[in-house]
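# Inside the fold
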Amino acid sequence: MQQLAQRLGATEKQIRQALDQLADLSLLTNDESGSLKAVGPSVGLTALLAQAEQEVLERQQQISATREAIAAIALEQERQAQRELSTRLEGIDAVRARIEQLSRNVHSECVSLNPRSTQTPDAKSASTPLNQAMLARGVAMRAIYQESYRNDPALVTHARWLTGLGATLRTASTIPMLAIVYDREVALLPLDPHNSRLGAVEVRSPGMVAAVYALFEQIWAGAMPFGEPAPIDDDGLNPQDKQLLSMLAEGHTDEMAARKLGVSLRTVRRMAADLMERLDARSRFQAGLAAGRRGWV
């Protein structure tokens, strides 16, 4: 090392650094005797390039593994968010337990759509103390019931009690399904619109909740305030009559009409017979068409 330094006119430190750089570049190696041996540039640099390529490959594999890990974490977060935005509630007991929790936590408003089929005595018994507590806390409560609600003395009594506590109620001829919205943040919808006892889905997605709330507002705008008699138009028709005529024109069966209107099959048949007589029609479908020609629907 000293002789090489003297020959090249450099310090031993400089020579050592230069040899280290050559070794790093694979241009210098040790032979079998341990002496330093120069390596041709084509051989040494090719080996160096292969090493660099291997390092790049390993780095790419690390990046790919990291990307896959990030994607897996993101997917799990998305799935978790979806689970948090909707919850399936199986059975009427689970639904009522959740309604109790939501009723206790609601801050400002509770709105609901209430088909006749859901207004059972046990449902009223379960909801009465919850509604009373919400109204006592100053929660604004609006509810829409079916027009046929007016024909049940027990339900009318319950409605009068609610309005006496500060709730605002209206009635509509048909209501598509049971729905409750709390503070415009949480909505409860039935798993089966025709059988609310099967369970419900709790929705927290802002878009879905807004859609349910908009449906409520649309029905509310055309509903009649509770306590006021159903309006009779110039043709002597009330809202239920008009709704039934529309169903007859669309070919609905008496059973389907009864379910949608929330009345008995006997009541639908009586109403249909009266309308057919007024329209001088021999069939329900003919009555619907005749009502359309007269501008009744």
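Note: the structure precedes this text.
Residues numbered from 1 in each chain as written. Predicted model: local features only at pLDDT ≥ 70, side-chain atom pairs only at ≥ 80, totals over all residues. Heavy atoms only, no water.

Residue position: Ser-173 is located in the loop between strand 6 (168-172) and strand 7 (179-182). On the basis of relative accessible area, Ser-173 is assigned to the buried category, the value being 10%. Excluding residues that lie within four positions of it along the chain, Ser-173 makes contacts with Gln-146, Glu-147, Pro-239, Gln-240, Gln-243, Lys-260 and Leu-261. (Helix = DSSP H or I, 4+ residues; strand = E, 2+ residues; numbered from the N terminus. Buried < 20%, exposed > 50% of the residue type's maximum accessible area, 1.4 Å probe, protein only. Contact = heavy atoms within 4.5 Å.)

Each strand in a sheet pairs with another by means of backbone hydrogen bonds, the pair being arranged parallel or else antiparallel. Read across the sheet, 8 strands follow the order 3-9-8-7-4-5-6-10 without closing on themselves; strand pairing throughout is mixed. Two strands close off the open sheet at either side, each with one partner strand: strand 3 (86-90) and strand 10 (224-225). With 5 bridges joining them, strand 5 (residues 140-146) and strand 6 adopt parallel strand pairing. From the neighbouring strand, Tyr-145 faces strand 6, where its bridge partner is Thr-171. (Pairing = 2+ DSSP bridges.)

Turning to helix 5 (residues 121-136), a few remarks are in order. With 16 residues, helix 5 ought to run about 22 Å at 1.5 Å a step, and its terminal C-alpha atoms sit 23 Å apart, in line with that. Of all the bends in helix 5, the largest measures some 35 degrees and sits at Ser-127, one to four residues before the proline Pro-129. Elements in contact with the buried residues of helix 5: helix 4 (91-105), strand 4 (109-114), strand 5 and helix 6 (153-165). In the stretch just after helix 5, Gly-138 is the one whose phi turns positive, near 90 degrees. (Expected span 1.5 Å × (residues − 1). Bend = angle between axes of the 7 residues up to and from the residue.)

What follows concerns the environment of Arg-278. With respect to the element layout, Arg-278 can be found in helix 10 (residues 265-279). Note: C-alpha distance between Arg-278 and Ala-291 (13 residues apart in sequence) is 9.8 Å. Sequence-distant contacts of Arg-278, defined by excluding residues within four places in its chain, comprise Asp-235, Gly-236, Leu-237, Arg-294 and Trp-296.

On to the packing of aromatic side chains. In this structure the tally under the stated criterion is 2 aromatic pairs. Their ring planes at 40 degrees and their centres at 6.4 Å tell us that Tyr-213 and Phe-216 sit as a pair that is tilted. Remark: Phe-216 and Tyr-213 occur in helix 7 (residues 206-222); sequence separation between them is 3 residues, near one turn of the helix. Judged by relative accessible area, which is 8%, Tyr-213 ranks as buried. Measuring from centroid to centroid gives 5.6 Å for Phe-216 and Trp-220, while their planes differ by 25 degrees, and the two rings are stacked. Here Phe-216 and its partner Trp-220 are both found in helix 7, 4 residues apart, which amounts to about one turn of the helix. Each member of the pair, Phe-216 together with Trp-220, is buried. (Phe/Tyr/Trp six-rings, centres within 6.5 Å; stacked < 30°, edge-to-face > 60°.)

Turning next to the pattern of salt bridges. Tallied over the full model, the rule gives 11 salt bridges. In this structure, the salt-bridge partner of Arg-184 is Glu-109, at a minimum N-O distance of 3.3 Å. Of the two residues, Arg-184 sits in the loop between strand 7 and strand 8 (186-190) while Glu-109 sits in strand 4, which places them 75 residues apart along the sequence. Exposure remark for Arg-184: the relative accessible area of 52% places this residue in the exposed category. (Salt bridge = Lys/Arg side-chain N within 4 Å of Asp/Glu carboxyl O.)

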